[in-house]
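Coordinates in review
This is what each chain is made of:
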Amino acid sequence: MELNAHERGLLHAVAQSPAPAAMSGFFPALTQAVPPEIHAPTDDPVRLAWFDEQFALYRASVSLWQKNLVRVVHPANGEREDMVEATDEGRAALT
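Below: a short report on this structure. (Residues numbered from 1 in each chain as written. Predicted model: local features only at pLDDT ≥ 70, side-chain atom pairs only at ≥ 80, totals over all residues. Heavy atoms only, no water.)

Notes on the overall build of the chain
- The number of helices and strands found in the chain is four helices and two strands.
- In the chain, the order of α-helices and β-strands from amino to carboxyl end is α-α-α-β-β-α.
- Seen along its three principal axes, the alpha-carbon backbone of the chain occupies a region of about 45 × 35 × 20 Å.
- Contacts in the chain between residues far apart in sequence, at least 24 positions, make up 50% of those at least 6 positions apart. (Helix = DSSP H or I, 4+ residues; strand = E, 2+ residues; numbered from the N terminus. Contact = heavy atoms within 4.5 Å.)

Right, here's the structure in full:
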């Protein structure tokens, strides 16, 4: 199965997790873009690159679920996000 870099990195992180996890919890470790300065203007190129990568990681999260490579074990409840784990198909996609 063809996975882009964000999908592969996120799926690998989920598969390595010892317990169900929120996918966005892995974003900081997977983000290649430099975080913007807190007071940087909204049109700052560094800020825009960082936002673009965050959106790409969220798209990867949805894509992994749509491809049945991860499954929701504990649905979001207003206090925490969906907690997911890799499916057998997801583990196979990493090999």
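Side note on the packing of helix 1 (residues 5-16) against helix 3 (residues 45-66)
- In the contact formed by helix 1 and helix 3, the axes pass within 9 Å of each other and the chain directions differ by 65°. Of the possible angle classes, the one that applies to helix 1 and helix 3 is roughly perpendicular. Of the two possible hands of crossing, helix 1 and helix 3 adopt the one that is right-handed. Residues His6, Glu7, Leu10 and Leu11 of helix 1 form the contact with helix 3, whose own contacting residues are Glu53, Ala56, Leu57, Ala60, Ser61, Ser63 and Leu64.
- Per-class residue counts for the contact of helix 1 with helix 3 are six nonpolar, three polar and two charged. (Axes fitted to C-alpha atoms, helices over the stretch in contact; angles between N-to-C directions. Parallel < 35°, antiparallel > 145°, perpendicular 65-115°, else oblique. Left-handed = near helix turned anticlockwise from the far one by under 90°. Nonpolar A, V, L, I, M, F, W, Y, C, P; charged D, E, K, R; others polar.)

Side note on the side chain of Ser24
- Considering the arrangement of structural elements, one finds Ser24 in the loop between helix 1 and helix 2 (27-30).
- What makes Ser24 buried here is its relative accessible area of 16%. (Buried < 20%, exposed > 50% of the residue type's maximum accessible area, 1.4 Å probe, protein only.)

Here's the deal with unusual backbone geometry
- Of note, the phi angle at Asn68 is positive, near 60°, even though the residue is not glycine.
- Mapped onto the secondary structure, Asn68 falls in the loop between helix 3 and strand 1 (70-74).

So, the packing of aromatic side chains
- By the definition in use, this model includes two aromatic pairs.
- Summarising the aromatic geometry, the rings of Phe27 and Tyr58 are spaced 4.7 Å apart at their centres and angled 80° between planes, so their arrangement reads as edge-to-face. Here the residue Phe27 occupies a position in helix 2, and Tyr58 occupies one in helix 3, the gap between them amounting to 31 residues.
- Take Phe27: its relative accessible area is 3%, and that puts it in the buried class. (Phe/Tyr/Trp six-rings, centres within 6.5 Å; stacked < 30°, edge-to-face > 60°.)

Looking at the environment of Glu79
- Tracing the chain through its elements places Glu79 in the loop between strand 1 and strand 2 (83-86).
- Sequence spacing of Glu79 and Asp52 is 27 residues, and the spatial spacing of their C-alpha atoms is 26 Å.

Overview of helix 1
- With twelve residues, helix 1 should cover 16 Å at 1.5 Å per step; its first-to-last C-alpha distance of 16 Å lies within 8% of that length.
- Of the residues making up helix 1, those classed as buried are Glu7, Leu10, Leu11, Ala13, Val14 and Ala15.
- Buried positions along helix 1 lie against helix 2, helix 3, strand 1, strand 2 and helix 4 (88-93).
- Sitting at the amino-terminal end of helix 1 is Asn4, which places a side-chain oxygen 3.0 Å from the backbone nitrogen of His6. (Expected span 1.5 Å × (residues − 1). Polar contact = N/O pair within 3.5 Å; in protein donor to acceptor, adjacent residues only side chain to side chain.)

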